[in-house]
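Overview (structure and organization)
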Amino acid sequence: MIDFERLIGQFLISAGCPKGPGNWVCDRIGDWHLARQAALPVIRLVDGQNRPFGWLLGYPVSDAGILLNDGEEFRIPELSLSSDSALEAFIYSFGGRFASVLLGACPRIFLDPFASLSAVYSAHQRIVASTESLIPYDSVTRDRVELALEIGIPHTEGMYPLDMTFRHGIERILPNHYLDLREWRTVRHWPKQPSQPLPAEDAVDEIASLVKRNIGAVVAAVPTYLKLTAGWDSRMLLACAREWAPRLELFTAEIGDAGAATDCDTARRIAKRFGLKHHVLRRENAREEDLEEWMFRISYSTSERRGWQAVTMYKRLPGGHAVLAGNAGEVARAYYWTDSDTESGPITPARLLAYCGCPVDEATTQRARDWLDGVPTDNALEILDLFMIEQDMGCWASVIQYAECDPGFAIFPLAHRRIVERMLALPAPYRRAGRLPRDIIVREWPSLLDWPVNRPVGMTRYVFRAKKAIRKAKLLLDEHAAALSKRRGLVSR
């Protein structure tokens, strides 16, 4: 039996269902019913005559830089109701993590640019939900047992490809697609045309300004964490949060590998230099019940072994905070491009499925082929960019947010349509060099570049080198001992 209260910040939308699960908060507009776990904010959308038009779920940041609150009403401008394109422009004037449920003449559900408030749907049951476990089983929605076993979740880094889920008859709503609630099918609505390269300098200014607006809105509304590592993306977020840095709570997880050790050391140095609040989550083995709950919250939909194994550590953080997540920075760094990729090169279903870590069979290949057929460009680099957004963000990073915050919420400061447009329009050489985060840090807080990125500093370098040398020596000794034992065995025979 599902424990609905453990599904923090989740929701269920249905046509004709009289009530939601458990003691969730319920609302109704016409024949449409919304049930949501109490921690998930809902804003009612109304038209010019104050008639209900739909809901905004989650954590939308308005173009005035305000994080909308649970229970508010928001009036849609009359001009935005004049056409589909105008209504879409209104929706994507918001930043943050949200789903927009529009129940006018053409009812539709739009997700934010990274689908970071993830959603799935069952067409024949006329249900939309945050995760698959909220949709009842029937003769159609049985599990894909063989595929699930081959992907190996949660003990691999595998993902279900694109809109496929681990259950038949349940599909995922991908970024850049809306769900048509009359025909119960998804429709690609963006991009409408290939991106045109623009000067990097202009993009840096605009992206930094939008990220700062999103961060400022969150910090003004709720206590906020920033997970600071030695990497580019969290440091870029800290640079954009400079104005609010004294109000942030920085943390770093001591997960136990060499990368985490560098993260902790670098984060401590940065926090000490600027007098910022920072604490390290000490290494702790995950409890079995915490591991199970983490996967329960995301319905075993994807894998993230590093975060999954750190679940008990993260539970030591006080709840009720927002978490600024650096996900999506890879979009600007040509994450899925290789050195040999060109605009005219081929992109095959097999290559896309390799990124997912899933088997190449008839069903998965057809999914990848259908997706390629629907992409509105022949430019291989743009195809890889869209796949990164729609697969890596929409089917992995966004899904795990339902498990990571307890009972706060995560938000991607890079989640804004204009930011995505500007990142994809950066010149190819600039993106291959991964220059955007560095240039934003130079613009906002250049002193943060006094420490190298993802490399140990100071005496820590020598400690890490010594540990590496000891591990290598131990490995050589073990190999030597094994070879000696084998030789002795041959002599004795």
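Cut-offs and rules
Residues numbered from 1 in each chain as written. Predicted model: local features only at pLDDT ≥ 70, side-chain atom pairs only at ≥ 80, totals over all residues. Heavy atoms only, no water. Helix = DSSP H or I, 4+ residues; strand = E, 2+ residues; numbered from the N terminus. Rg over C-alpha atoms; globule rule 2.2 N^0.38 Å. Contact = heavy atoms within 4.5 Å. Areas by Shrake-Rupley, 256 points an atom, 1.4 Å probe, with all protein chains shown as cover. Pairing = 2+ DSSP bridges. Axes fitted to C-alpha atoms, helices over the stretch in contact; angles between N-to-C directions. Phe/Tyr/Trp six-rings, centres within 6.5 Å; stacked < 30°, edge-to-face > 60°. Buried < 20%, exposed > 50% of the residue type's maximum accessible area, 1.4 Å probe, protein only. Salt bridge = Lys/Arg side-chain N within 4 Å of Asp/Glu carboxyl O.

1. Describing the overall build of the protein chain
- Secondary structure summary: the protein chain contains 16 helices and 18 strands in total.
- The C-alpha atoms of the protein chain give a radius of gyration of 24 Å, which matches the 23 Å a tight globule of 493 residues would have.
- Summarising its shape, the C-alpha atoms of the protein chain cover approximately 85 × 55 × 50 Å along the three principal directions.
- Looking at the protein chain alone, contacts between residues at least 24 apart form 71% of all its contacts between residues at least 6 apart.
- When the accessible surface of the protein chain is summed, it comes to about 21500 Å², and 53% of that surface belongs to carbon and sulfur atoms.

2. Looking at the sheet that holds strand β6 (residues 73–75)
- Spatially, 7 strands are ordered β6-β4-β5-β7-β8-β12-β13 in an open sheet, and the strand pairing comes out mixed. Strands with a single pairing partner mark the edges of an open sheet, and in this sheet they are β6 and β13 (185–188). Adjacent strand axes in the sheet meet at a mean angle of 25° when their direction is disregarded.
- Strands β5 (52–61), β6, β7 (95–102) and β8 (108–111) of the sheet are contacted by helix α1 (residues 84–91), whose axis makes an angle of about 145° with β7.

3. Quick word on the packing of aromatic side chains
- The final tally for this structure, using the stated rule, is 18 aromatic pairs.
- With centroids separated by 5.1 Å and ring planes inclined at 40°, the aromatic side chains of Phe110 and Tyr178 adopt a geometry described as tilted. Taken as a pair, Phe110 in strand β8 and Tyr178 in strand β12 (residues 177–180) lie far apart in primary sequence, 68 residues in all. Comparing Phe110 with Tyr178 shows no difference in burial state: the two are buried.
- An angle of 70° between the planes, with centres 6.1 Å apart, marks the rings of Phe274 and Trp451 as edge-to-face. Of this pair, Phe274 sits in helix α5 (residues 258–274) while Trp451 sits in the loop between α15 (436–444) and α16 (460–492), and the two are 177 residues apart along the sequence.
- Phe274 sits in the partly exposed class, given a relative accessible area of 24%.

4. A look at the pattern of salt bridges
- Under the criterion given, the structure shown has 32 salt bridges.
- Of the charged contacts, one joins Asp205 and Arg443 as a salt bridge, the two residues approaching to 2.8 Å between their closest N and O atoms. With a gap of 238 residues between them, Asp205 in helix α3 (residues 200–221) and Arg443 in helix α15 connect regions that are remote in the sequence.
- A salt bridge links Arg431 to Asp385; its shortest N-O distance comes to 2.7 Å. In this pair, Arg431 sits in helix α14 (residues 428–432) while Asp385 sits in helix α11 (residues 380–397), placing the two residues 46 residues apart along the sequence. You'll find Arg431 and Asp385 in the same group, each marked buried.
- Each of Arg6, Arg287, Glu289, Asp290, Glu293, Arg297 and Lys315 takes part in one network of salt bridges that share partners.

5. So, the sheet that holds strand β2 (residues 25–29)
- The strand order across the open sheet built from 6 strands is β2-β3-β1-β10-β9-β11, with neighbouring strands paired in antiparallel fashion. If you trace the sheet from one side to the other, it starts and ends with β2 and β11 (171–172), each paired once.
- Alignment of β2 against strand β3 (residues 32–36), held across 5 bridges, turns out to be antiparallel. Each residue of the ladder has a partner; that of Arg28, found in β3, is His33.

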